[in-house]
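Commentary on secondary and tertiary structure
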Amino acid sequence: MKQILILGAGFAGLWSALGVARQLDLHGRDDVQITVLAPQAELHIRPRFYEPDVHQMAAPLQALFDAVNVRFVQGTAHHIDEAGQRVGYRSADGSEATLA
Ligand SMILES: Cc1cc2nc3c(=O)[nH]c(=O)nc-3n(C[C@H](O)[C@H](O)[C@H](O)COP(=O)(O)OP(=O)(O)OC[C@H]3O[C@@H](n4cnc5c(N)ncnc54)[C@H](O)[C@@H]3O)c2cc1C
């Protein structure tokens with residue numbers, strides 16, 4: 001299985017994941033796993049951050065990722081091994097792991 005790993009679930013990460021999922025669907029491909037790695041499966045609505053209570057301005061993404069077969073991994077990347085094609089990250093529980 002080929003791997004596409006996207007770091008971050010902001011506008012760029014979300015749009016990348018949805019764009020890849022759409023292209024794979026259009027081409028009938030089921031041999032590629034899309035993974036999004038980010039601290040939270042939510043999109044923070046930065047354009048509205050001048051308003052009060054900005055902590056509530058986050059759209060949940062897990063159901064959307066599930067609907068388009070995108071795997072979400074909760075964690076924070078800290079190392080990109082370009083030669084080895086792996087990303088080191090710290091998961092939400094503090095443990096260390098890597099993703100291809
Ligand atoms: C106050 C404010 C108002 C704005 N208003 C507008 C506007 O009106 N119109 C407009 O077009 N743009 C606006 N912008 C700009 C717009 O919000 C940004 O251009 C956009 O959010 C950038 O998207 P991004 O995906 O690159 O980054 P972000 O949206 O910042 O997303 C980054 C993602 O990466 C994750 N991440 C960070 N570090 C790691 C790590 N080590 N490992 C894994 N994941 C990580 C974060 O958790 C997040 O999910 C505004 C920005 C701000 C701050």
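In short, a report on the structure. Note that the structure is predicted; figures quoted are calculated from it, not measured.

In this section: helix α1 (residues 11–26). Taking 1.5 Å per residue, 16 residues should reach 22 Å; α1 reaches 22 Å between its end C-alpha atoms and fits that length. Residues G13, L14, A17, A21 and L24 constitute the buried set of α1. Seen along its axis, α1 keeps its buried residues to an arc of 105°; they face one direction. Away from its buried face by more than 90 degrees, α1 exposes A12, W15, R22 and L26.

The subject of this paragraph is the packing of aromatic side chains. One pass over the structure, following the stated rule, counts 1 aromatic pair. Both rings, one in F65 and one in F72, keep their centres 6.0 Å apart while their planes meet at 10°; by these two values the pair is stacked. For the pair F65 and F72, one class covers both residues: buried.

Moving on, we come to the nonpolar core. Of all hydrophobic cores here, the largest spans 16 residues; its most connected members are A17, I34, V36, L61, F65, V70 and F72. Of all the secondary structure elements, the ones that give two or more residues to this core are α1, β2 (32–38) and β5 (70–81). Each residue touching F72, except ones within four places of it in the same chain, is listed here: V36, A38, Q40, A41, Q62 and F65. Counting 5 residues, the second-largest nonpolar core is a separate cluster that includes V73, V87, Y89 and L99.

What counts, and where the lines are drawn
Residues numbered from 1 in each chain as written. Predicted model: local features only at pLDDT ≥ 70, side-chain atom pairs only at ≥ 80, totals over all residues. Heavy atoms only, no water. Helix = DSSP H or I, 4+ residues; strand = E, 2+ residues; numbered from the N terminus. Expected span 1.5 Å × (residues − 1). Buried < 20%, exposed > 50% of the residue type's maximum accessible area, 1.4 Å probe, protein only. Arc of directions from axis to C-beta. Phe/Tyr/Trp six-rings, centres within 6.5 Å; stacked < 30°, edge-to-face > 60°. Core = buried A, V, L, I, M, F, W, Y, C linked by side-chain atoms within 4.5 Å. Contact = heavy atoms within 4.5 Å.

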